[in-house]
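Topology and contacts: notes
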Amino acid sequence: MLGLSARSVAASARVAGLRRSTAVRFQSTKGVIETLAEVIPERQEIAKKLRAEHGDKSLGDIKVENVFGGMRGLKVMLWEPSVLDANEGIRFWGKTIPECQEVLPKAPGGSQMLPESMLFFLLTSKVPSQAQADQFVKELAERSQISPELEKVIDSFPKTLHPMTQFCMAVAALNHDSKFAKAYAAGMKKSEYWKSTAEDVLDLSAKVWPIAARIYRNVYMDGGKNAPALDMSKDLAWNFANQIGHGDNNGFIEVIRLYNAIHTDHEGGNVSAHTIHLVGSALSDPFLAYSAGLAGLAGPLHGLANQEVLRFILDMQKQVGNNPSPEQVKDYIWSVLKSGRVIPGYGHAVLRKPDPRFMALQQFAANDPEVSQSPVFKLVNAMFEVAPGVLTEHGKTKNPFPNVDAGSGMLLYHYGLTQFEFYTVIFGISRAMASAQLVWDRAYGLPIERPKSMSIDGLKKFLGA
Ligand code: CMX
């Protein structure tokens, strides 16, 4: 204790007391790591049996078209937390979004499922009890604090750098404290990989929130240094909203909870999730793997589409006003298509029906009389009514319906987050939870990914062409 002031000794004692009481609480309610320790051996057995009994069965042909066509539909990857059906949309461990909304715990007094509840569920396959969710909220709040060194790194970024680029760089720097990387360097056994991976995934899923808030404050407000301190009794979405100046904006807090619970995971083949899995397969730690995945999310055909949608809607508003006729909307869409651009927020590589994530956000908007009267909501709805018909007539896209990005920006905009360039960062916060799959990758001992590529000459030779 030499050199410490009485005040810092008292503070250390308070922290130690908090840790003791947290530990006692964790014993009485099963936490996420204990739950995983129970679930993993059961599923390892199932996987082992499946592989032993059916390892030589075929899951389909690979056609030359697949080599040129972005590998659509090829069943070549294991992904546990979610499965996407072309017509029905996403299911998380077998549950649809409305079913998750029904059973996943909410914040006290809140109306939307918590991202923390979704993370517990994605990781373990078990719906947490309210007590488990409450405990997990506190655990993640404690994990969410970021180091002064990382704060300095974030503060050094130029304000003109796109927020997604700042986000990729900041989360990669979290690898400085990776528990997986440290344990690996110390010679950890392969059977233990999953545990330190889970520790990193929990740290990552918590720390992305204040990292994003600091970037927001640096770019659009008075600087990260002036952010209010985290409140350890509150959930991640509440603290995020509070740090970016929306702590008293209940509609915003609720939409952030819903948004971040449903954007988490969309099975393994999409660019961001697949990249997390691919980079993680080299045993890069979860922070590096997720940073690489975020770089993919920053592409306009993937997560950046949500910023593009709002730009599109506001440009349309300038051209056609707040109450356009269906003909005016149709003409506007055609003018964009004829100029060779895509309609952002429409189409999907797998889905062939309106995205249930879009529907959940629309439902949320429709339930709030203020949102449902707002001009941007009406324009998003006008698009929903007209765009599928135009895209069908256009005849190119296999799916003329809205995807998740078609309406998410409208809600953020309505509740006061008007800086479009930040929208994909919010998608990114949620996508950190897709790194739950890394825990399963390690639990099943999946190898480094290494598909075969072919050159045109190699294809010609192979085919005798
Ligand atoms: N507007 C105009 N044309 C579209 C279109 C759209 N919204 N969606 C698809 N098309 C076109 C494609 O560009 C392609 O044209 P070419 O043959 O000239 O290359 C053709 O229709 C066939 O494409 P597809 O097989 O239906 O779609 P893909 O699987 O290749 O691509 C996606 C899927 C999402 C990239 C595409 O629909 C698109 O560009 N949509 C707009 C951007 C967007 O909203 N992205 C977000 C997706 C959700 C997310 O990841 O966040």
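Definitions and limits used
- Residues numbered from 1 in each chain as written.
- Predicted model: local features only at pLDDT ≥ 70, side-chain atom pairs only at ≥ 80, totals over all residues.
- Heavy atoms only, no water.
- Helix = DSSP H or I, 4+ residues; strand = E, 2+ residues; numbered from the N terminus.
- Rg over C-alpha atoms; globule rule 2.2 N^0.38 Å.
- Buried < 20%, exposed > 50% of the residue type's maximum accessible area, 1.4 Å probe, protein only.
- Contact = heavy atoms within 4.5 Å.
- Areas by Shrake-Rupley, 256 points an atom, 1.4 Å probe, with all protein chains shown as cover.
- Lys, Arg positive; Asp, Glu negative; His and termini not counted.
- Charge placed at Lys NZ, Arg CZ, Asp CG, Glu CD.
- Near = heavy atom within 4 Å.
- Polar contact = N/O pair within 3.5 Å; in protein donor to acceptor, adjacent residues only side chain to side chain.
- Phe/Tyr/Trp six-rings, centres within 6.5 Å; stacked < 30°, edge-to-face > 60°.
- Salt bridge = Lys/Arg side-chain N within 4 Å of Asp/Glu carboxyl O.

So, on to the overall build of the protein chain. Counting its secondary structure elements, the protein chain contains 23 helices and two strands. For 465 residues, the compact-globule estimate of 2.2 N^0.38 gives 23 Å, and the C-alpha radius of gyration of the protein chain, at 23 Å, lies within 12% of that figure. Judged by the C-alpha coordinates and their principal axes, the protein chain covers about 75 × 60 × 40 Å. Buried residues in the protein chain amount to 50% of all 465 residues. Expressed as a percentage of contacts within the protein chain between residues at least 6 apart in sequence, the contacts between residues at least 24 apart total 76%. Counting only carbon and sulfur atoms, one obtains 56% of the accessible surface of the protein chain, whose full area is about 22000 Å². Within the protein chain, one finds 50 positive and 47 negative side-chain charges whose respective centroids are separated by 4 Å.

What follows is about the site of the ligand. Inspection of the region around the ligand gives 21 residues, with His-302, Gly-345, Lys-396, Lys-398 and Asp-405 positioned closest. Arg-72 is positioned with one of its side-chain polar atoms (N or O) 2.9 Å from an oxygen atom of the ligand. Separating a nitrogen atom of the ligand from a backbone N or O atom of Leu-301 is a distance of 2.9 Å. If the ligand stood free it would expose 890 Å²; the protein chains cover 76% of that surface.

Attention shifts here to the side chain of Asn-403. When you line up the elements, Asn-403 lands in the loop between α19 (375-394) and α20 (405-414). Here the side chain of Asn-403 touches Gly-347 through a polar contact of 2.9 Å, landing on its backbone oxygen. Here the side chain of Asn-403 touches Asp-405 through a polar contact of 2.9 Å, landing on its backbone nitrogen. Once you skip the residues sitting within four places of it in the chain, Asn-403 turns out to touch Gly-345, Tyr-346, Gly-347, His-348, Asp-355 and Phe-358.

Inspection of the entire model under this criterion finds 15 aromatic pairs. Ring plane angle 65° and centroid distance 5.8 Å describe the contact between Trp-93 and Trp-440, whose orientation is recorded as edge-to-face. With Trp-93 in the loop between β2 (89-92) and α4 (97-103) and Trp-440 in helix α22 (residues 436-443), this pair connects stretches of sequence that are 347 residues apart. For the pair Trp-93 and Trp-440, a shared accessibility class is recorded, and that class is buried. Centre to centre, the rings of Trp-440 and Tyr-444 are 5.6 Å apart; their planes meet at 40°, and the pair counts as tilted. For the pair formed by Trp-440 and Tyr-444, the shared burial category is buried. Within the aromatic cluster, the residues linked to one another by ring pairs are Trp-93, Trp-440 and Tyr-444.

With that settled, the discussion passes to the environment of Ile-97. By secondary structure assignment, the location of Ile-97 is in helix α4. When neighbours within four sequence positions are excluded, Ile-97 is seen to be in contact with Ile-90, Phe-92, Ile-262, Pro-356, Arg-357 and Ala-360.

Here we take up the pattern of salt bridges. Counted under the stated rule, the structure contains 17 salt bridges. A salt bridge links Lys-30 to Glu-38, with the shortest nitrogen-to-oxygen separation between them at 3.1 Å. The partly exposed category is assigned to Lys-30, whose relative accessible area is 38%. Owing to a relative accessible area of 42%, Glu-38 belongs among the partly exposed residues under this scheme. The salt bridge partner of Glu-53 is Lys-49, with a shortest N-O separation of 3.5 Å. Here Glu-53 pairs with Lys-49, and both are found in helix α2 (residues 32-54), just four residues apart, close to one helical turn. Here the salt bridges share partners, and the residues they tie into one network are Glu-139, Arg-143, Lys-179, Glu-199 and Asp-203.

Assignment of secondary structure puts Asn-306 in helix α15 (residues 305-320). Only 3.0 Å separates the side chain of Asn-306 from the side chain of Thr-424, close enough to count as a polar contact. In contact with Asn-306, not counting residues within four places along its chain, are Tyr-259, Asp-405, Ser-408, Tyr-423, Thr-424 and Phe-427.

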